[in-house]
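# Structural overview
Chain residues, written in single-letter form:
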Amino acid sequence: WGIYFHYMKFYEGFDGPSLVDTHDLLTPNFQIDEYFSNFLSKDGEIFKFDRDVFKEPFHTDFPIRDEELDVYRKFHPLMISLRETEKLEKKKIKSTWLPYLTSLPDGISDYSGRALYLSSAHLNNLWGNDLLGTDILPRVRLEAPDFEIDCIGELDTICRKFPAINYLGYTEDQSALQYARFGLLPLVYGTGVQIKGFTYLSYGLPVVLFAHRAEPPFVHRENCFIARNLDEFGFWCYHLWKNPDLCKRMGKNARESVEAFYDKSRLLNDLQQI
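Now for a quick tour of the structure. (Residues numbered from 1 in each chain as written. Predicted model: local features only at pLDDT ≥ 70, side-chain atom pairs only at ≥ 80, totals over all residues. Heavy atoms only, no water.)

Moving on, we come to a nonpolar patch on the surface. Together, L19, L268, L271 and I274 give the surface a local cluster of nonpolar side chains, amounting to about 320 Å² of exposed area. Examined against the element boundaries, L19 turns out to sit in strand β1 (residues 19–23). A relative accessible area of 41% places L19 in the partly exposed class. (Patch = residues over 30% accessible without salt bridge, like charges linked within 9 Å, V, L, I, M, F, W, Y side chains within 5 Å. Areas by Shrake-Rupley, 256 points an atom, 1.4 Å probe, with all protein chains shown as cover. Salt bridge = Lys/Arg side-chain N within 4 Å of Asp/Glu carboxyl O. Helix = DSSP H or I, 4+ residues; strand = E, 2+ residues; numbered from the N terminus. Buried < 20%, exposed > 50% of the residue type's maximum accessible area, 1.4 Å probe, protein only.)

Under the criterion given, the structure shown has eleven salt bridges. Of the charged contacts, one joins R228 and E232 as a salt bridge, the two residues approaching to 2.4 Å between their closest N and O atoms. The class of E232 is buried, set by a relative accessible area of 16%. Between K252 and E256 there is a salt bridge whose closest N-O contact spans 2.7 Å.

Those residues of helix α4 (residues 82–90) that fall on the buried side of the exposure criterion are E84, T85 and L88. One face of α4 carries all of its buried residues, which in axial projection span an arc of 105°. Facing away from the buried surface of α4 by more than 90 degrees, the exposed residues are E89 and K90. Packing partners of the buried residues in α4 comprise α3 (66–74), β4 (76–79) and β5 (96–97). Backbone geometry just downstream of α4 places K92 in the positive-phi region, at approximately 65°. (Arc of directions from axis to C-beta. Contact = heavy atoms within 4.5 Å.)

The strand order across the open sheet built from three strands is β1-β4-β5, with neighbouring strands paired in parallel fashion. Two strands bound the open sheet, and with one partner strand each, they are β1 and β5. (Pairing = 2+ DSSP bridges.)

What follows deals with the packing of helix α8 (residues 230–241) against helix α9 (residues 244–261). Closest axis-to-axis distance for the α8/α9 pair is 6 Å, and the angle between their directions is 100°. Between α8 and α9, the angle falls in the class roughly perpendicular. Contact with α8, carried on its side by H239, L240 and W241, involves P244, L246, C247 and M250 of α9 and no other residues of that element. Class assignment for the residues of the contact of α8 with α9 results in six nonpolar, one polar and no charged. (Axes fitted to C-alpha atoms, helices over the stretch in contact; angles between N-to-C directions. Parallel < 35°, antiparallel > 145°, perpendicular 65-115°, else oblique. Nonpolar A, V, L, I, M, F, W, Y, C, P; charged D, E, K, R; others polar.)

Under the definition given, this model contains 20 aromatic pairs. Both rings, one in F58 and one in W127, keep their centres 5.3 Å apart while their planes meet at 80°; by these two values the pair is edge-to-face. In this pair, F58 sits in the loop between β3 (46–49) and α3 while W127 sits in helix α5 (residues 123–143), placing the two residues 69 residues apart along the sequence. Across the pair, W127 and F58 agree in class, each one buried. Clustering of aromatic rings is evident, with ring pairs tying together Y35, F36, F39, F49, F54, F58, F62, W127, Y189, F210 and F233. Taking NZ or CZ as reference, R181 lies 4.4 Å from the ring centre of W241, over its face. Over the aromatic face of F261 sits the side chain of R266, whose NZ or CZ is 5.6 Å from the ring centroid. (Phe/Tyr/Trp six-rings, centres within 6.5 Å; stacked < 30°, edge-to-face > 60°. Lys NZ or Arg CZ within 6 Å of the ring centre and 35° of its normal.)

Encoded structure:
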C-alpha cells in the first residue's frame, strides 16, 4: 500500500487516462488492522482472536481518510465492491464498479461433501475462522452433530485449528469445490468476500453470508441466505446442511446468476464509458 501511494504521486503529471485499479479502499483496511490488534494474540506462528471481537453489533465503521480521498479526486478509481463505489459517491467522487469474476468451471458440485470456507492467510479470513470455530460451529452442531467444514487456503499456516474444520491448506485440486454442499462467507470486513462469493457461485454452490457484505448478484433465498446476525447465520447453515436437495436447487440458481451477471460485453461497455 505504501508503494501504491508512491506511484500515485509518481504519475501525478501523466497526461493521459488516469485510471487506477484500487481493488478496495485502503485506509479503512489500515483502521481494521489497528482495531484487530486490540483483540489479537500470537502463540509462536499461530494467531487467535479474543471472543470480544465477535460481540454484536459488529464494529464496522471505518471512514476513508482524507489522504486516500485526495488521490481519488485526481484519478478515476475502479472498484471491485459496489458498496465501496457508493461510499466514494457520497464523497462526490466518481468511480466505476468492475467486479472481478472467476473463470467458470466445466461442471458444478454434486453436493455430497461438507460446507466450504475459502481462506487465504489474511486477518479478515482469520477472523472468519475464529468466528466459525468459537460460535457458528457449536451452534450448528448442537442440532446437527455431523456438520463439518472444509477450509481451503494458506490460512492453515497462521490460524488456530478447531474440531470439525478440516484444514486442507493451499491446493490447486478442485475436488473440495466439486463436492461441497454450500459455501461460507463468515466475514464482515474486507472485500475479498466478493471474489470468494463469485467462486462459490461459479461452482453452483449456494452461499451463507452476512448482510454486511451482500452485494449483487447475491439474492436472498434464490442463490444464497443472507444473515443479519449470528443466530441467523447458524440457522441458515443448519438449514442447508439438512437439505441437500435445496442446495441443488439453489446451486442451479447460483451458477445461472453468475453466468448472466457481468459478462464480457458489459465489462467492455463500462470501460468504454470511462
